[in-house]
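Notes for the structure review
For reference, the chains in residue letters:
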Amino acid sequence: MVLEILKLWAKGFKVVILDIPLLFETKMDRWTNPVIVVWVDPETQVERLMSRDGCSQEQAQSRISAQLALDWKKSEADIVINNSGSLDDMKLQFQEVLKQVSEPLTWKERMRSRGGLLSIALCTTVGILLAQKNLL
């Protein structure tokens with residue numbers, strides 16, 4: 001996955017969306033910005049899991065309990081999409097989030113971008129060359 005992300009970064013993609021179910025458990029939240037959590041109320045989560053997998057309420061609750069609490073993930077997120085409503089509601093929220101993450105970069109984000117790193121490399125190279133020729 002990291003290689004694919006680097007390829008997209010090198011190609012100049014401005015937004016890369018990663019769907020990582022175990023983002024916090026694998027500590028990959030340290031490497032993503034912003035962290036977006038799709039949250040759903042507990043009752044709806046159980047109902048949807050039962051419907052999708054054809055399992056009992058106890059089985060659904062057991063699976064959910066084996067994971068980090070969704071409310072905790074929500075508290076750690078930079079952005080939360082509430083998926084308790086309809087699919088259309090969630091799509092509208094996603095469009096808003098996409099606009100938000102597509103806004104111009106802060107200077108720190110810019111420095112970590114492909115263009116920013118190329119600028120740093122170029123300035124460093126020129127500085128070293130000038131220093132070697134005693135032109136600084």
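Summarised in this report is the structure supplied together with it. Predicted model only: the values in this text are computed from it and were never measured. (Residues numbered from 1 in each chain as written. Predicted model: local features only at pLDDT ≥ 70, side-chain atom pairs only at ≥ 80, totals over all residues. Heavy atoms only, no water.)

Another aspect to go through is the layout of surface pockets. Roughly 160 Å³ of volume is contained in the second largest pocket. Considering the residues around the second largest pocket, the lining is formed by 13 residues, among which Pro42, Gln45, Ile64, Ala69 and Leu70 are closest to the centre. For the lining of the second largest pocket, the elements supplying multiple residues, two or more each, are helix 2 (42–53), helix 3 (57–65) and helix 4 (70–76). (1 Å grid on protein atoms, 1.4 Å probe; cavity = no way out; pocket = protein on both sides within 12 Å on 5 of 7 lines; lining within 4 Å. Points joined across faces, edges and corners; volume = space filled by probe spheres on them. Helix = DSSP H or I, 4+ residues; strand = E, 2+ residues; numbered from the N terminus.)

Attention shifts here to unusual backbone geometry. For the peptide bond that leads from Asn33 to Pro34, omega is -5°, which places it in the cis range. As for its position among the elements, Pro34 is in the loop between helix 1 (2–10) and strand 1 (36–39). Even without a glycine there, the phi angle at Lys27 is positive, about 65°. For Lys27, the location among the structural elements is in the loop between helix 1 and strand 1. Accessibility expressed as a relative area gives 43% for Lys27, which makes it partly exposed. (Buried < 20%, exposed > 50% of the residue type's maximum accessible area, 1.4 Å probe, protein only.)

Keep in mind these values describe shape, not function.
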